[in-house]
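This is what each chain is made of:
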Amino acid sequence: MMINNKPYTTGDIASFCHVTINAVKKWIAAGKIEAFRTPGGHYRVNRDEFISFLDKYKLDIKDDIFPKKTKILIVDDEPVVIEFIKGALDAMQQGFAIETAADGYDALIRVGDFKPDLLILDIRMPKIDGFEVCRRIKDDSATKDIKILAVSAYGRDDLERMIDCGADGCLPKPLSLKDFQKNIIKLLK
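Residues numbered from 1 in each chain as written. Predicted model: local features only at pLDDT ≥ 70, side-chain atom pairs only at ≥ 80, totals over all residues. Heavy atoms only, no water.

J.: Can you walk me through the overall build of the protein in this structure?
T.: Counting its regular elements, the protein contains nine helices and eight strands. For a compact globule of 189 residues, the expected C-alpha radius of gyration is about 16 Å, and the protein comes in at 22 Å, more than 25% above that figure. A principal-axis box enclosing the C-alpha atoms of the protein has dimensions of 65 × 30 × 25 Å. The proportion of buried residues among the 189 residues of the protein is 40%. In the protein, the share of contacts with a sequence separation of at least 24, taken over all contacts with a separation of at least 6, comes to 57%. Of the roughly 11000 Å² of accessible surface on the protein, 49% is carried by carbon and sulfur atoms. (Helix = DSSP H or I, 4+ residues; strand = E, 2+ residues; numbered from the N terminus. Rg over C-alpha atoms; globule rule 2.2 N^0.38 Å. Buried < 20%, exposed > 50% of the residue type's maximum accessible area, 1.4 Å probe, protein only. Contact = heavy atoms within 4.5 Å. Areas by Shrake-Rupley, 256 points an atom, 1.4 Å probe, with all protein chains shown as cover.)

Put into structure tokens, the structure is as follows:
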């Protein structure tokens, strides 16, 4: 699986598309896919051109070749907690795209820009608390499908209230690595 910006050979494309190298050369000759030649005379296709080709001809293999990274936004005002959560996510070896926010106000801005699949949300934070962040996300049709895992050191009442606000899961702090990772897997299914 190639996901870097290195140009693809006709053999790479043939393998991805489950066709012969000659078929790829015919696509190039017919102008269906734009390619350039190396000094040795071999064809190469840039990544963006290959993606355009897959889209134009509706070849349903793009997700296999260029998997979409799951985006996770961590919102907590304690840097130590953010580092623990990042480490726990990295240990899962899923290649998550991770961003962070230190308060509820910044979290709402980042939700709009980053468009996360999952929000790991502290409840007690400066500016806007986790309850209000959760309510706003779940009340907006553009963001209501974002999964929210709430975390709090303030006890069961806060966690139950977060469920009422729309959170998809809740965990008490200090976080248990095993429980945390199990909840992440469950929420991302």
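Once you've had a look at it, read on.
J.: Mind showing me how you'd approach the sheet that holds strand S7 (residues 147-152) here?
T.: The strands that make up a sheet pair up through hydrogen bonds in the backbone, lying either parallel or antiparallel. With parallel pairing, five strands are arranged side by side in an open sheet as S5-S4-S6-S7-S8. The strands lining the two open edges of the sheet, one partner per strand, are strand S5 (97-101) and strand S8 (169-172). Here the strands of the sheet are splayed against their neighbours by 20 degrees on average, with no regard to which way each runs. The pairing of S7 with S8 spans four bridges and is parallel. Bridge pairing links Leu149 to Gly169 in S8. Contacting strand S4 (71-75), S5 and strand S6 (118-122), helix H5 (residues 79-91) crosses the sheet at an angle of about 170 degrees to S5. Together, S6 and S7 form the strand contacts of helix H7 (residues 130-139), whose direction differs from that of S6 by roughly 155 degrees. (Pairing = 2+ DSSP bridges. Axes fitted to C-alpha atoms, helices over the stretch in contact; angles between N-to-C directions.)

J.: Which parts of the structure should I look at to understand the environment of Ala97?
T.: Summarising the element assignment, Ala97 is placed in strand S5. The sequence separation of Ala97 and Pro116 amounts to 19 residues, and the corresponding C-alpha distance is 8.8 Å. In contact with Ala97, other than residues within four places in its own chain, are Lys69, Thr70, Lys71, Ile72 and Phe114.

J.: Looking at this structure, how should I read the sheet that holds strand S1 (residues 8-9)?
T.: Judged by pairing direction, the sheet is antiparallel, and its three strands sit side by side in the order S1-S3-S2 without closing on themselves. Only two strands of the sheet have a single partner each, and these edge strands are S1 and strand S2 (36-37). As paired elements, S2 and strand S3 (residues 43-45) share two bridges and run antiparallel to each other. Within S3, the residue paired with Arg37 across the bridge is Tyr43.

J.: Explain helix H1 (residues 10-17) to me, please; I cannot follow it from the model alone.
T.: For an α-helix the count is 3.6 residues per turn, leaving residues at separations of three or four pointing the same way. Those residues of H1 that sit buried are Thr10, Ile13, Ala14, Phe16 and Cys17. All buried residues of H1 lie within an arc of 165 degrees about the axis, which places them on one face of the element. The positive-phi residue at the C-terminal boundary of H1 is His18, with phi of around 60 degrees. (Arc of directions from axis to C-beta.)

J.: Help me understand the nonpolar core, please; the structure alone is not making it clear to me.
T.: In summary, soluble globular proteins display a tendency toward joint burial of nonpolar side chains. One finds Val75, Leu119, Leu121 and Met162 to be the most contacted residues of the largest nonpolar core, which totals 24 residues. Counting residues per element, the ones that place at least two in this core are S4, S5, helix H6 (104-114), S6, H7, S7 and helix H8 (156-165). Ranked by the residues each element gives to this core, the list is headed by H7, at four residues. Filtering out sequence-adjacent residues up to four positions away, Val75 remains in contact with Ala101, Asp103, Ala107, Leu119, Ile120, Leu121, Asp122 and Met125. (Core = buried A, V, L, I, M, F, W, Y, C linked by side-chain atoms within 4.5 Å.)

J.: Can you walk me through the packing of H6 against H7 in this structure?
T.: A pair of packed helices can be characterised by two numbers: the angle between their axes and the separation between those axes. Where H6 contacts H7, the axes come no closer than 9 Å and their chain directions differ by 20 degrees. Taken together, H6 and H7 sit at an angle that is classed as roughly parallel. The way H6 lies across H7 gives a crossing that is right-handed. Taken together, the residues of H7 that come into contact with H6 (itself represented by Gly104, Leu108 and Val111) are Val133, Arg136 and Ile137. Of the residues in the contact of H6 with H7, the class split is four nonpolar, one polar and one charged. (Parallel < 35°, antiparallel > 145°, perpendicular 65-115°, else oblique. Left-handed = near helix turned anticlockwise from the far one by under 90°. Nonpolar A, V, L, I, M, F, W, Y, C, P; charged D, E, K, R; others polar.)

J.: Mind showing me how you'd approach the pattern of salt bridges here?
T.: Opposite charge on two side chains lets them pair, provided their charged atoms get close. A complete count under the given rule lists 11 salt bridges for this structure. Among the salt bridges present, the one from Lys173 reaches Asp76, with a minimum N-O distance of 2.8 Å. Residue Lys173 is located in the loop between S8 and helix H9 (177-188), and its partner Asp76 is located in the loop between S4 and H5; the two are separated by 97 residues in the primary sequence. Its relative accessible area of 15% is what places Lys173 among the buried residues. Across the pair Asp168 and Lys138 runs a salt bridge, and its minimum N-O distance is 3.0 Å. Of this pair, Asp168 sits in the loop between H8 and S8 while Lys138 sits in helix H7; the two residues are 30 residues apart in sequence, bridging distant segments of the chain. The buried category is assigned to Lys138, whose relative accessible area is 18%. (Salt bridge = Lys/Arg side-chain N within 4 Å of Asp/Glu carboxyl O.)

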